[in-house]
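# Structural overview
Chain residues, written in single-letter form:
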Amino acid sequence: MEDFEDDPRALGARGHRRSVSRGSYQLQAQMNRAVYEDRPPGSVVPTSAAEASRAMAGDTSLSENYAFAGMYHVFDQHVDEAVPRVRFANDDRHRLACCSLDGSISLCQLVPAPPTVLRVLRGHTRGVSDFAWSLSNDILVSTSLDATMRIWASEDGRCIREIPDPDGAELLCCTFQPVNNNLTVVGNAKHNVHVMNISTGKKVKGGSSKLTGRVLALSFDAPGRLLWAGDDRGSIFSFLFDMATGKLTKAKRLVVHEGSPVTSISARSWVSREARDPSLLINACLNKLLLYRVVDNEGTLQLKRSFPIEQSSHPVRSIFCPLMSFRQGACVVTGSEDMCVHFFDVERAAKAAVNKLQGHSAPVLDVSFNCDESLLASSDASGMVIVWRREQK
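A few points on the structure. In this text, all values refer to a predicted model and were calculated from it rather than measured experimentally.

Per the secondary structure count, the protein includes three helices and 29 strands. Put simply, of all contacts in the protein between residues at least 6 apart along the chain, 52% involve residues at least 24 apart. Carbon and sulfur atoms make up 49% of the accessible area of the protein, which amounts to about 15,900 Å² in all.

This is the structure:
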């Protein structure tokens, strides 16, 4: 990866290099290797040694864990316009939201039956490109091709604030700072990342940086100290995030593949009783799903492996399964242009495919699990959202 150590922006306020230790990632990796020498080469989660965690999840295989009984419900209120993002509320089993290029956001309730659309949030004058739930689920932030972001109250659907993009550009992605939900990071079509204070409606001083292309994907690590941003030129940049001020310091750059848009970044710290190996899951229009290892505290990435999917042009996204750290093996889920939802075991050396769900009639753009993995939602380029029910064991 390209290093930005000599960039003046990486200097602290007193003119010296900001002290950021790489030791915590490296030391933990050494400890993991020492304790689990019998683990498969390059494994990223506990396997045969993870008896305690496995007992919590049961002794079933990943294929059994991710067997689905079929469709639970189909939402079609956005048909004819793509739904680029679908997300369950945080730590919630039955609240779901999705945004559409028709300019609206739907808030849905799956229980009690029948599932219903509670309310539709309207106000954007062009397509909604992305949205995110706050940690407490009381607020949603959305970004739009109309060059604005909006803050919504989830309880009544009221628009609390409309914030124009500082550059007047189409806004393409957003994410909350995980520790301080007063701060939201947005990416725009003029290649810029901005940290925005949603209470004041202003960008944070020192919280902006330029990438090499249109910013399509953003993801924080769990502590909120590292931010990754991907663009449509095939680059991923890592930033150090100052928790006190909201300032960004550019750290590393990785070119995944020149000219291949990075459409999704999902970070996972892989914390468990047995191991810790931070990882990134990447979609990049290469007909592959990519898994990277995070090797230090500046966000340096090392490719671990890839999985075959169909993605050459659509903004397909992927996720880590929320409960995977308690099971033998580890599962990831991705959309695909072949109109299927794909499950892969990142620990399995051969035949990594675990399951495939068929039912969409257009490229699958996004996927989201609820908190206990009993339901999975997927959205597609035709505007359909399918909620799948996992088989009960």
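This part covers the sheet that holds strand 5 (residues 104-109). Pairing between the strands of a sheet comes from backbone hydrogen bonds, and it takes one of two forms, parallel or antiparallel. Here four strands make up an open sheet; going across it, the order is 3-4-5-6 and the pairing antiparallel. Unpaired on one side and paired on the other, strand 3 (85-88) and strand 6 (116-122) mark the two borders of the sheet. For this sheet, the mean inter-axis angle between neighbouring strands, taken without regard to orientation, is 20°. In the sheet, strand 4 (residues 95-99) pairs with strand 5 via five bridges, with the strands oriented antiparallel. Within strand 5, the residue paired with C99 across the bridge is I105.

The next thing to look at is the environment of S134. Tracing the chain through its elements places S134 in the loop between strand 7 (128-133) and strand 8 (139-144). For the pair S134 and N180, spaced 46 residues apart in sequence, the C-alpha to C-alpha distance is 9.7 Å. In contact with S134, other than residues within four places in its own chain, are N90, I139, F176 and N181. Looking at S134, its side chain comes within polar contact range of the side chain of D138, at 2.9 Å.

The next point concerns unusual backbone geometry. Here the amide bond leading from V111 into P112 is cis, since omega sits at 5°, within 30 degrees of zero. Secondary-structure assignment places P112 in the loop between strand 5 and strand 6. Cis geometry is adopted by the peptide bond preceding P114, which originates at A113 and carries an omega value of -5°. Even without glycine at this site, A147 takes up a positive phi of about 70°.

With antiparallel pairing, four strands are arranged side by side in an open sheet as 7-8-9-10. Two strands close off the open sheet at either side, each with one partner strand: strand 7 and strand 10 (159-164). Averaged over neighbouring strand pairs, the angle between their axes works out to 15° when direction is ignored. Sheet topology note: the strand 9 (residues 148-153)/strand 10 ladder contains five bridges and is antiparallel. Each residue of the ladder has a partner; that of W152, found in strand 10, is C159.

Within the largest apolar cluster, 18 residues are counted, with the highest numbers of intra-cluster contacts made by Y66, F68, V333, V341, F343, F369 and L376. Ranked by residue count, the leading element in this core is strand 27 (residues 364-369), at three residues. If sequence neighbours within four positions are ignored, V341 has contacts with V333, T334, N355, K356, L357, V364, V367, L376 and S378. Counting residues in hydrophobic clusters, the runner-up holds 17 residues, among them A217, W228, V256 and V262.

Counted by the stated rule, this structure contains twelve salt bridges. Between D92 and R95 there is a salt bridge, and its shortest N-O distance comes to 3.3 Å. R95 gets classed as partly exposed once you look at its relative accessible area, which sits at 26%. With a shortest N-O distance of 3.3 Å, R390 and E373 are connected by a salt bridge. Note that R390 is positioned in strand 29 (residues 385-390) and E373 in the loop between strand 27 and strand 28 (375-380), a separation of 17 residues in sequence. Grouping residues by exposure puts R390 and E373 together as buried. Because the salt bridges share partners, they merge into one network encompassing R126, E170, R214 and D232.

The next thing to look at is the packing of aromatic side chains. For the coordinates displayed, the defined rule picks out six aromatic pairs. A centroid spacing of 5.9 Å and a plane angle of 35° characterise the contact between Y66 and F343, whose relative ring orientation is tilted. Here Y66 is found in the loop between helix 3 (62-65) and strand 2 (68-75), whereas its partner F343 is found in strand 25 (residues 340-345), with 277 residues between them in sequence. By relative accessible area, which is 0% here, F343 ends up buried. Summarising the aromatic geometry, the rings of Y66 and F369 are spaced 5.9 Å apart at their centres and angled 50° between planes, so their arrangement reads as tilted.

Bringing the environment of E298 into the picture now. Note that E298 resides in the loop between strand 21 (288-294) and strand 22 (301-308). You can call E298 buried: its relative accessible area is 4%. In sequence terms E298 and R225 are 73 residues apart; their C-alpha atoms lie 9.3 Å from each other.

Along the polypeptide, Q311 turns up in the loop between strand 22 and strand 23 (318-320). Residue Q311 is classed as buried on the basis of its relative accessible area, which comes to 0%. Polar contacts involving the side chain of Q311 include one to the side chain of T263, which spans 2.9 Å.

Every second residue of strand 24 (residues 331-334) is oriented toward a common face, with C331 and V333 on one face and V332 and T334 on the other, all of them buried. Across three bridges, the pairing between strand 23 and strand 24 is antiparallel. Each bridged residue has a counterpart across the sheet, and for S318 the counterpart in strand 24 is T334. Relative to strand 25, strand 24 is paired through four bridges, and the arrangement is antiparallel. Its bridge partner lying in strand 25, C331 is registered against D345. The antiparallel pairing of strand 24 with strand 25 creates a hairpin that spans five residues between the two strands, and M339 there sits at a positive phi of about 70°.

About the cut-offs
- Residues numbered from 1 in each chain as written.
- Predicted model: local features only at pLDDT ≥ 70, side-chain atom pairs only at ≥ 80, totals over all residues.
- Heavy atoms only, no water.
- Helix = DSSP H or I, 4+ residues; strand = E, 2+ residues; numbered from the N terminus.
- Contact = heavy atoms within 4.5 Å.
- Areas by Shrake-Rupley, 256 points an atom, 1.4 Å probe, with all protein chains shown as cover.
- Pairing = 2+ DSSP bridges.
- Axes fitted to C-alpha atoms, helices over the stretch in contact; angles between N-to-C directions.
- Polar contact = N/O pair within 3.5 Å; in protein donor to acceptor, adjacent residues only side chain to side chain.
- Core = buried A, V, L, I, M, F, W, Y, C linked by side-chain atoms within 4.5 Å.
- Buried < 20%, exposed > 50% of the residue type's maximum accessible area, 1.4 Å probe, protein only.
- Salt bridge = Lys/Arg side-chain N within 4 Å of Asp/Glu carboxyl O.
- Phe/Tyr/Trp six-rings, centres within 6.5 Å; stacked < 30°, edge-to-face > 60°.

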